[in-house]
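Below, each chain spelled out in residue letters.
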Amino acid sequence: MTQDVWQAVALSRAVRQTPKRVLLDGVPVVLFRGRDGAIAALHDRCPHRFASLSEGRCLDGEIQCPYHGWRFASDGRCTAIPGHVGPLPTLRAQALTVTEAEGAIFLSTGTPQAAPYVHCLTGQDVITRRVTSATRSTLIDTAENILDATHTHFTHRGLLRGLGTKRYAVDVAITGGPGWVEATYTGEDRQQGLISKLLEGARVRTVGRYRHPGIAELEYWGPNGIVLATTFHLRQADAETVEGVGWLMGPKQAGLGYLKALAFKPMFRLALDQDRRVLSRAFDNARLLPTARPVIGPLDILREDIARIAAGEMPKAAQTPRRVQIAL
Ligand code: FES
Ligand SMILES: [Fe+2]
């Protein structure tokens, strides 16, 4: 597991009066609100007999184990052993580093120095909508899927792309640095898909970016700046599930942006479902033949660098930026 990085694990609104269990690389964690309302995170395993604390209750900002009722404060300290007379022994449940930013909860197994990176329009006056997702897949496959322009003609025909088969000559510039790689597409025509027709004007360029430790973002640029963007924080919840916490963003445009944001979320959900169907079946197929390796095709421009970054290496694009022409 990657230390000293933040991983988005849930939306803030998902943790109120009741505890919530999340998985971080297979490790169960319980989230609950402490006495001051601040988010708390403990390993979801009572130190007594390993019962799941998330199946217990929140009482006065503490969590009570469902098995024998031991209670734990936000920092993991055991504060009560029902039936015990006399001073409490010093016991604790293991705590994780946790924080909240822009409506989401971020966990770390280390102690990151900086606040979490949230999305590509942080600090700007934009409308945001948050979504969560879960897919049977791997982190690399899911991140690549979000950033892969070529599948949209098929998987999202009519939604992200038009129904026709016409393609345009598009220039792709691939650049990178420590922990990130991006592809900038220029020369795309005005998009004919339903989402684009409703939400976008002329498109000047599209940027797809991967950032360590599992962040995939897309920016759609018009002549006056970003008209639409999504940042998705992905993490391997367990060996077969990738979960995501995502932000959808657009400029406010004097109220019009709100209407667009309302329309965007359900359509975005539809696109996510289309991807989920393909990815989960591909995941099953990969498991059925574990020795087979997927082919890296000539248009899979970010795949290898995403894998390098995930492995803690420098992406090739950092040393050797490149340009390719494709028909999109
Ligand atoms: S297992 Fe939690 S109190 Fe016994
Ligand atoms: Fe997709």
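From a predicted model like this one, the values you see are computed outputs, not experimental measurements. (Residues numbered from 1 in each chain as written. Chains lettered and ligands numbered in written order. Predicted model: local features only at pLDDT ≥ 70, side-chain atom pairs only at ≥ 80, totals over all residues. Heavy atoms only, no water.)

Visitor: Which residues make up the layout of surface pockets, and what values go with them?
Guide: In this structure, the largest pocket occupies an estimated 960 Å³ of space. Forming the walls of the largest pocket are 45 residues, and the residues nearest its centre are Thr-138, Ile-140, Asp-141, Glu-144 and Arg-303. Every element with two or more residues in the lining of the largest pocket is listed here: helix 1 (139-147), strand 16 (225-238), helix 4 (256-288) and helix 5 (303-310). Here the element with the most residues in the lining of the largest pocket is helix 4; it accounts for 8 residues. (1 Å grid on protein atoms, 1.4 Å probe; cavity = no way out; pocket = protein on both sides within 12 Å on 5 of 7 lines; lining within 4 Å. Points joined across faces, edges and corners; volume = space filled by probe spheres on them. Helix = DSSP H or I, 4+ residues; strand = E, 2+ residues; numbered from the N terminus.)

Visitor: Describe in detail the environment of Cys-120, supporting the description with residues and values.
Guide: In this structure, Cys-120 sits in the loop between strand 10 (104-108) and strand 11 (126-135). C-alpha of Cys-120 to C-alpha of Met-249: the two residues are 129 residues apart in sequence and 9.1 Å apart in space. Once residues within four sequence positions are removed from consideration, Cys-120 is found in contact with Arg-209, Glu-217, Glu-219, Ala-229, Thr-231 and Met-249. (Contact = heavy atoms within 4.5 Å.)

Visitor: Can you break down the coordination of the iron ion (ligand 2) residue by residue, with the values?
Guide: Tetrahedral coordination by four donors puts the ideal angle at the metal at 109.5 degrees, and octahedral coordination by six puts it at 90 or 180 degrees. Protein-derived coordination of the iron ion (ligand 2) comes from His-151 (NE2), His-156 (NE2), Asp-275 (OD) and Asp-275 (OD), at a distance range of 2.1 to 2.3 Å. Considering all 4 donor atoms around the iron ion (ligand 2), angles at the metal cover 58 to 142 degrees and the coordination shape is irregular. Going along the chain, you hit the donors of the iron ion (ligand 2) in the pattern H-x4-H-x118-D. For the pair His-151 and His-156, one class covers both residues: buried. (Donors = N, O, S within 2.8 Å, 3.2 Å for Na, K, Ca; no water. Tetrahedral: all angles 85-135°; square planar, octahedral: opposite > 155°, others 65-115°. Buried < 20%, exposed > 50% of the residue type's maximum accessible area, 1.4 Å probe, protein only.)

Visitor: Requested: an account of the domain arrangement of the chain, with residues and values cited.
Guide: Taken domain by domain, the chain consists of domain 1 (7-108) and domain 2 (126-327). A separation of 34 Å is found between the C-alpha centroids of domain 1 and domain 2. Counting residues at the interface gives 16 residues for domain 1 and 12 residues for domain 2. When domain 1 packs against domain 2, the two sides together hide about 1100 Å² of surface, and 55% of this comes from carbon and sulfur. When the buried area of domain 1 at its contact with domain 2 is split by residue, Ala-8, Leu-11 and Leu-23 rank highest and sum to 37% of it. At the boundary of domain 1 and domain 2, one finds 0 salt bridges. Counting the contacts that link domain 1 with domain 2 gives 6 residue pairs in polar contact (both at pLDDT 80 or more). The set of elements that each furnish at least two residues to the side of domain 1 that touches domain 2 consists of strand 1 (7-11), strand 2 (20-24) and strand 10. Examining the composition of the side of domain 1 that touches domain 2, we find that 5 residues originate from one element, strand 1, more than from any other. Considering only residue class, the side of domain 1 that touches domain 2 consists of 10 nonpolar, 3 polar and 3 charged. (Domains from an automatic or database assignment. Buried area = accessible area lost by both parts, 1.4 Å probe. Salt bridge = Lys/Arg side-chain N within 4 Å of Asp/Glu carboxyl O. Polar contact = N/O pair within 3.5 Å; in protein donor to acceptor, adjacent residues only side chain to side chain. Nonpolar A, V, L, I, M, F, W, Y, C, P; charged D, E, K, R; others polar.)

Visitor: Lay out the packing of helix 1 against helix 5 in plain terms, naming residues and giving numbers.
Guide: Remark: helix 1 packs on helix 5, axes separated minimally by 10 Å, with the N-to-C direction vectors making an angle of 140 degrees. In terms of orientation, helix 1 and helix 5 fall into the oblique class. In terms of crossing hand, the pair formed by helix 1 and helix 5 is right-handed. In this structure, helix 1 contributes Ile-140, Asp-141, Ala-143, Glu-144 and Leu-147 to the contact, and helix 5 contributes Arg-303, Ile-306, Ala-307 and Ala-310. (Axes fitted to C-alpha atoms, helices over the stretch in contact; angles between N-to-C directions. Parallel < 35°, antiparallel > 145°, perpendicular 65-115°, else oblique. Left-handed = near helix turned anticlockwise from the far one by under 90°.)

Visitor: Residue-level account of the sheet that holds strand 10, with values.
Guide: Taken in spatial order, the 3 strands of this open sheet run 1-10-9, and their pairing is antiparallel. A single partner strand is all that each edge strand has here, and the edge strands are strand 1 and strand 9 (97-101). Between one strand axis and the next, the sheet turns by 30 degrees as a mean value, whatever way the strands run. (Pairing = 2+ DSSP bridges.)

Visitor: Tell me about the pattern of salt bridges, and name the residues and values.
Guide: Scanning all chains against the criterion turns up 20 salt bridges. With its nearest N and O atoms 2.1 Å apart, the salt bridge here joins Asp-284 to Arg-136. Of this pair, Asp-284 sits in helix 4 while Arg-136 sits in the loop between strand 11 and helix 1, placing them 148 residues apart in sequence. The exposure class of Asp-284 is partly exposed, given its relative accessible area of 26%. Notably, a salt bridge pairs Arg-211 with Glu-217, separated by 2.7 Å at the nearest N-O pair. Taken together, the shared-partner salt bridges connect Glu-182, Arg-209, Arg-211, Glu-217 and Glu-219 into one network.

Visitor: Pulling in residues and values, what's your account of the nonpolar core?
Guide: In terms of nonpolar packing, the biggest core is built from 31 residues, with Leu-147, Val-172, Ile-174, Val-181, Tyr-185, Tyr-210 and Leu-302 touching the most fellow members. Within the residue set of this core, elements represented by two or more residues are helix 1, strand 12 (169-177), strand 13 (180-186), strand 15 (215-222), strand 16, strand 17 (241-251), helix 4 and helix 5. A per-element tally of this core places helix 1 first, with 4 residues. Other than its neighbours up to four places away in sequence, Tyr-185 contacts Leu-147, Ala-149, Val-170, Asp-171, Val-172, Val-204, Arg-205, Thr-206, Ile-301, Ile-326 and Leu-328. In terms of nonpolar packing, the next biggest core, distinct from the first, is built from 15 residues, Val-118, Cys-120, Leu-121 and Trp-247 among them. (Core = buried A, V, L, I, M, F, W, Y, C linked by side-chain atoms within 4.5 Å.)

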